[in-house]
Amino acid sequence: MTWADVDRSLVTKFLDYLQKLDYMGSSVNKYLVSFRAMVGYAYEDGLHNNDRALSCFSKRKVEESDKDAEIYLAERELQALAEMELTGLKDQVRDVFLVGCYTCQRVSDYNNIQPEDFTTTAKGTPIIRFVQQKTRNEVKIPIMIPNLQAICEKYNYRLPSVVDQILNRYIKEILKDLSESVPTLAVKVPTKFTMKQKEKEKAGELTVERNDKGEVMMPRYDCVTTHTARRSGITNMYLSHKFTIVQMMHVSGHKTQKTFMDYIKLSSDEIADEIDAIVNGAKEEVF
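The structure contained in this document is the topic of the report that follows. Here the residue numbering is sequential within each chain, running from 1 through the sequence in written order. For a predicted model such as this one, the threshold for reporting local features is a pLDDT of at least 70, and the threshold for listing and counting side-chain atom pairs is 80 or more; totals across whole chains, interfaces and linings nevertheless cover every residue. Computation of side-chain values: all heavy atoms of the structure, hydrogens and water removed.

## Points about helix α4 (residues 88-103)
Put simply, the test is: Labels follow the DSSP assignment, with helices taken as runs of H or I lasting at least four residues and strands as runs of E lasting at least two, numbered in each case from the N terminus. An expected span of 1.5 Å times one less than the residue number is assigned to each helix. Buried means the residue's accessible area, taken with a 1.4 Å probe over protein chains only, is under 20% of the maximum for its type, while exposed means over 50%, and partly exposed covers the values in between.
Taking 1.5 Å of rise per residue, the 16 residues of α4 would be expected to cover 22 Å, and the 23 Å separating its terminal C-alpha atoms lies within 8% of that figure. Across the 16 residues that make up α4, a large majority, twelve, are buried. Of the positions making up α4, those classed as buried are Asp91, Val93, Arg94, Asp95, Val96, Phe97, Leu98, Val99, Gly100, Cys101, Tyr102 and Thr103. Cysteine 104 sits one or two residues past α4 and shows a positive phi near 65 degrees.

## Quick notes on the packing of α4 against helix α7 (residues 164-178)
The line we're drawing: Fitting a line to C-alpha atoms yields each axis, with helices limited to the stretch in contact; the angle taken between N-to-C directions then spans 0 to 180 degrees. Geometric relationships in this document are graded by angle, where less than 35 degrees denotes roughly parallel, more than 145 denotes roughly antiparallel, 65 to 115 denotes roughly perpendicular, and other angles denote oblique. Note on contacts: a residue pair qualifies if any of its non-hydrogen atoms lie within 4.5 Å across the two residues.
The interhelical angle for the contact between α4 and α7, taken along N-to-C directions, is 95 degrees, at an axis separation of 9 Å. Classed by the angle they form, the pair α4 and α7 counts as roughly perpendicular. Contact residues: Leu89, Lys90, Val93, Arg94, Val96 and Phe97 in α4; Ile166, Leu167, Tyr170, Ile171, Glu173, Ile174 and Asp177 in α7.

## Remarks on the side chain of aspartate 95
This is how it is decided: Under the rule applied, a polar contact is a pair of N or O atoms within 3.5 Å (in protein, one hydrogen donor and one hydrogen acceptor; residues adjacent in sequence only if both atoms are side-chain atoms).
Along the chain, aspartate 95 falls in helix α4. Side-chain polar atoms of aspartate 95 contact the side chain of arginine 94, separated by 2.8 Å. For aspartate 95, the contacting residues outside a window of four places in its chain are Ile151, Lys154 and Tyr155.

## A closer look at the nonpolar core
Defined as follows: For this analysis, a nonpolar core means a set of buried residues of the types Ala, Val, Leu, Ile, Met, Phe, Trp, Tyr and Cys, connected via side-chain atoms within 4.5 Å.
In this structure, Leu73, Leu81, Phe97, Leu175 and Leu178 are the most contacted members of the largest nonpolar core, which totals 59 residues. A total of seven residues in this core trace back to one element, the largest contributor, which is α4. With near-sequence residues (within four places) excluded, phenylalanine 97 lies in contact with Leu73, Leu81, Tyr110, Ile171, Val224, Thr225, Thr228 and Ala229. With eleven residues, the next largest nonpolar core counts Leu10, Val28, Cys56 and Phe57 among its residues.

## Re the sheet that holds strand β1 (residues 118-120)
As a reminder of what qualifies: Should DSSP find at least two bridges between two strands, the strands are taken to pair.
The antiparallel open sheet is built from three strands, whose spatial order is β1-β2-β3. Here the strands that pair on one side only, and so sit at the sheet edges, are β1 and β3 (138-142). Each adjacent strand pair in this sheet contributes to an overall mean axis angle of 40 degrees, direction not counted.

## Considerations on the environment of aspartate 7
Relative to the elements of secondary structure, aspartate 7 occurs in the segment before α1 (8-20). Distance in space between the C-alpha atoms of aspartate 7 and alanine 122 is 54 Å, their sequence separation being 115 residues.

## With respect to the packing of helix α3 (residues 75-82) against α4
How two helices pack is summed up by the angle between their axes together with the distance between the axes. Selection criterion: Crossings are classed by handedness, with left-handed meaning an anticlockwise turn of the near helix from the far one by less than a right angle and right-handed meaning a clockwise turn.
α4 packs onto α3 with a crossing angle of 150 degrees between their chain directions and a minimal axis gap of 10 Å. In terms of orientation, α3 lies roughly antiparallel with respect to α4. Crossing hand, α3 versus α4: left-handed. Where α3 approaches α4, its residues Leu78, Leu81 and Ala82 are matched on the opposing element by Arg94, Phe97, Leu98, Cys101 and Tyr102.

Written out as structure tokens, the structure is:
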């Protein structure tokens, strides 16, 4: 194929190919975005003059049922995690993950906070200030949570950095151990398999439980990833009812309210409990 062959028909064939491989909708969109970016960069670099190619790409709408479980960890679960007795690499993994929860940042940012990122405002408020790697937005995060302050002091403001794959693997192991004393972490939720998990299941290397709808059921601790930290931080900040949307978006670095609200992962029951608590003035008894 040549650059001139990139048209709507080719993109449709590519989309059909990904769907036949049973990729999740979010993964399909990731590959479509990457394909479009490749075509765009090649056009900018003068490798082709197919100026209509970029208009052939459009993301697929991803339904909630087509996503893996997007859970968040509640404040009580984070507190139990912070109080765990850990040593060595697991201790560092836990601390880095909690920094993500307390700063509401992506792993590319919370896993790379440098000593020079710690500063204060003109009024003396201690903050973490840096430019987000993905969006190039500058964020200033107040260090208001005691656990975050304790972690910073523990490492003398030289926070450790752990390879993403290690973070993903070890945080699941840590939370699995914690689930013995915090049973909510072991509650099973419906989710989607990654391609790697599907391959392991086919090879007989992975045994899974399915509900009567055929959905894969996994304990919450197995659904936690590096991105769960950002989702947890934003959801808990929202549940505190202490901040405006603008203030919360200032911390998270989001530019649109719609994207920000996608990070708030509350079940229908949790929303009902929240409304009841607000109406009856007993919020502190629920959260």
